[in-house]
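# Coordinates in review
So you can see what is in the structure, the chains are spelled out below.
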Amino acid sequence: MNFSSLVSPTGHGAGAVPAWFGVPLLAALHLAIIVASNYLVQWPVQLFGVLTTWGAFTFPLVFVATDLTVRLLGQHAARGVVARVMLPALAVSYVVSVLFQEGRFAGWQALGEFNGFVARIALASFVAYVAGQLLDIAVFARLRRRPQWWAAPAASTVLGSALDTALFFGVAFHRSSDAFMAEHWVSIALVDYATKLLISLLAFLPLYRLLLESLARPLRPARAAGP
C-alpha cells in the first residue's frame with residue numbers, strides 16, 4: 001500500500017481514518033507517555049553494558065504517535081496535539097518529579113513547598129517536548145511522500161530526538177546546582193540520545209509500520225472499489 005496517499009496534498013488529512021483516532025485521544029496518549037517517562041526516568045537499567053533509565057524505553061513512543069498523526073491526519077492536527085499537551089505536560093512533569101523522588105513516593109506534603117530544582121527540570125522537559133515535536137512534524141511532513149515508508153519516521157525521529165535531548169539536558173543541567181550533572185550533562189545526554197535512538201530505530205520504527213498498517217486497513221476496501 002502506498003502510505004503517501006493517506007493524507008491530502010494540503011496535509012490536513014483525508015478524513016478516512018477510524019473515528020476514534022483523533023486529536024483528543026492522541027493528546028491523552030502524549031500526556032500518558034510523558035507521565036510514565038517522568039517516573040521511569042528515575043529507575044536505572046543497563047543496556048548492552050551502558051547505564052540508562054527505563055524512561056528511554058517509553059518517551060520515544062511520543063515520536064511514533066506524532067508521526068502517525070502527521071501521516072494520517074496531517075500537520076495541522078499534529079501541531080494541535082502539541083498545543084493541547086504542552087502546558088499540562090509542564091504541570092505534570094513538575095508534580096510527578098516532586099511526588100516521586102528516586103522512584104519513591106515522597107508524600108503529598110512535598111507539593112506544599114516550591115522546588116526550584118525540579119521546576120527547572122520541568123521547564124526543560126516543556127521546552128524540549130515542544131521544540132522536538134515541532135521539528136519532528138516538520139521533517140516528517142517534508143519527507144512523507146518518499147516511496148520508502150521508513151524515510152520520514154526515521155529522519156524525523158533522529159532529528160527530533162536529538163533536539164529534544166540537547167534542549168532537555170542543556171536547560172535542566174547547564175550550570176546546575178547539582179555539581180555532578182553540571183559537569184557531566186553533555187556525556188550523559190549523548191548516552192541518553194544514543195540509547196533512545198537505538199530503541200527507536202530497532203523497535204519503534206517497526207512498531208510504527210505495524211500500527212500504520214492496522215490503522216490504514218479500513219481504507220483498502222474503499223480504494224479497491226474506486227475507479
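### Quick word on the confidence of the model for the protein chain
- In the predicted model, the protein chain carries a mean pLDDT of 85, and 86% of its residues have values of at least 70.
- Counting interchain partners and residues more than four positions distant, the pLDDT-below-50 stretch residues 8-15 has 20 contacts.
- Note that pLDDT drops below 50 for residues 221-227; the model gives that stretch 3 contacts with residues more than four away or on any other chain.

### Remarks on the packing of aromatic side chains
- The final tally for this structure, using the stated rule, is 13 aromatic pairs.
- An angle of 75° between the planes, with centres 5.7 Å apart, marks the rings of F105 and W108 as edge-to-face.
- By relative accessible area, F105 is classed as partly exposed at 44%.
- Residue W108 is classed as exposed on the basis of its relative accessible area of 60%.
- With centroids separated by 6.2 Å and ring planes inclined at 85°, the aromatic side chains of F168 and F173 adopt a geometry described as edge-to-face.
- Classification of F173 by relative accessible area gives buried; the value is 8%.

### Observations regarding the pattern of salt bridges
- In the structure shown here, the tally under the stated rule is 3 salt bridges.
- The partner of K196 in a salt bridge is D192, with the nearest N and O atoms 3.1 Å apart. With a gap of 4 residues between them, K196 and D192 both fall in helix α7 (residues 179-216), about one helical turn apart. Of the two residues examined, K196 and D192, each falls in the buried class.
- A salt bridge links R209 to E213; its shortest N-O distance comes to 3.3 Å. In this pair, R209 and E213 are both assigned in helix α7, 4 residues apart and thus about one turn of the helix distant.
- A relative accessible area of 27% means that R209 is categorised as partly exposed.

### Here's the deal with the side chain of K196
- Classification of K196 by relative accessible area gives buried; the value is 6%.
- Those residues within four positions of K196 in sequence are excluded, and the remaining contacts are A56, P60, S161, D164 and T165.

### Some points on helix α3 (residues 61-73)
- Across its 13 residues, α3 extends 18 Å between first and last C-alpha, which sits within 8% of the 18 Å expected from 1.5 Å per residue.
- Of all 13 residues in α3, 12 are buried; the element is thus mostly enclosed.
- Residues V62, F63, V64, A65, T66, D67, L68, T69, V70, R71, L72 and L73 constitute the buried set of α3.
- Where α3 is buried, its residues contact α1 (23-40), α2 (55-58), α4 (75-99), α5 (116-143), α6 (151-173) and α7.
- Phi turns positive one or two residues past the end of α3, at G74, with a value near 100°.

### Quick word on the environment of R142
- Tracing the chain through its elements places R142 in helix α5.
- Judged by relative accessible area, which is 76%, R142 ranks as exposed.
- Residues R142 and A152, 10 residues apart in the sequence, show an inter-C-alpha distance of 7.8 Å.

### Section: the layout of surface pockets
- Estimates place the volume of the largest pocket at around 1100 Å³.
- V41, Q42, T53, F168 and F173 are the residues nearest the centre of the largest pocket, which is lined by 35 residues in total.
- Taken as a whole, the second largest pocket holds about 230 Å³ of empty space.
- Forming the walls of the second largest pocket are 14 residues, and the residues nearest its centre are F21, L29, A65, L68 and L211.
- Of all the secondary-structure elements, those providing two or more residues to the lining of the second largest pocket are α1, α3 and α7.
- Partitioning the lining of the second largest pocket into residue classes produces 13 nonpolar, 1 polar and no charged.

Criteria and thresholds
- As a convention, each chain's residues are numbered from 1 in the sequence order in which they are written.
- Note on the predicted model: pLDDT of at least 70 is required for a residue's local features to be given, and 80 or more for side-chain atom pairs to be given and counted; whole-chain, interface and lining totals, by contrast, use all residues.
- Excluded from the side-chain calculations are hydrogens and water; all other atoms, namely the structure's heavy atoms, are used.
- A score from 0 to 100, pLDDT tells how confident the predictor is in each residue.
- Note on definitions: a residue-residue contact is assigned when non-hydrogen atoms from the two residues lie within 4.5 Å.
- Put simply, two rings from Phe, Tyr or Trp (the six-membered ring, in Trp's case) pair if the centres are within 6.5 Å, and we call them stacked under 30 degrees between planes, edge-to-face over 60, tilted for the rest.
- Relative accessibility decides the category of a residue: with a 1.4 Å probe and only protein chains considered, values under 20% of the type maximum give buried, values over 50% give exposed, and everything between is partly exposed.
- One speaks of a salt bridge when a side-chain nitrogen belonging to Lys or Arg is within 4 Å of a carboxyl oxygen belonging to Asp or Glu.
- Only DSSP runs of H or I reaching four residues or more are called helices, and only runs of E reaching two or more are called strands; each is numbered from the N terminus.
- Expected span, for any helix, means 1.5 Å times one less than how many residues it has.
- Points on a 1 Å grid, built from protein atoms alone, make a cavity when a 1.4 Å probe fits but cannot get out and make a pocket when they are open with protein on both sides within 12 Å along at least 5 of 7 lines; residues with an atom within 4 Å of a point are the lining residues.
- Grid points are joined across faces, edges and corners, and a volume is the space filled by probe spheres set on the points.
- Each residue receives one of three labels: charged for Asp, Glu, Lys and Arg, nonpolar for Ala, Val, Leu, Ile, Met, Phe, Trp, Tyr, Cys and Pro, and polar for the others, Gly being one of them.

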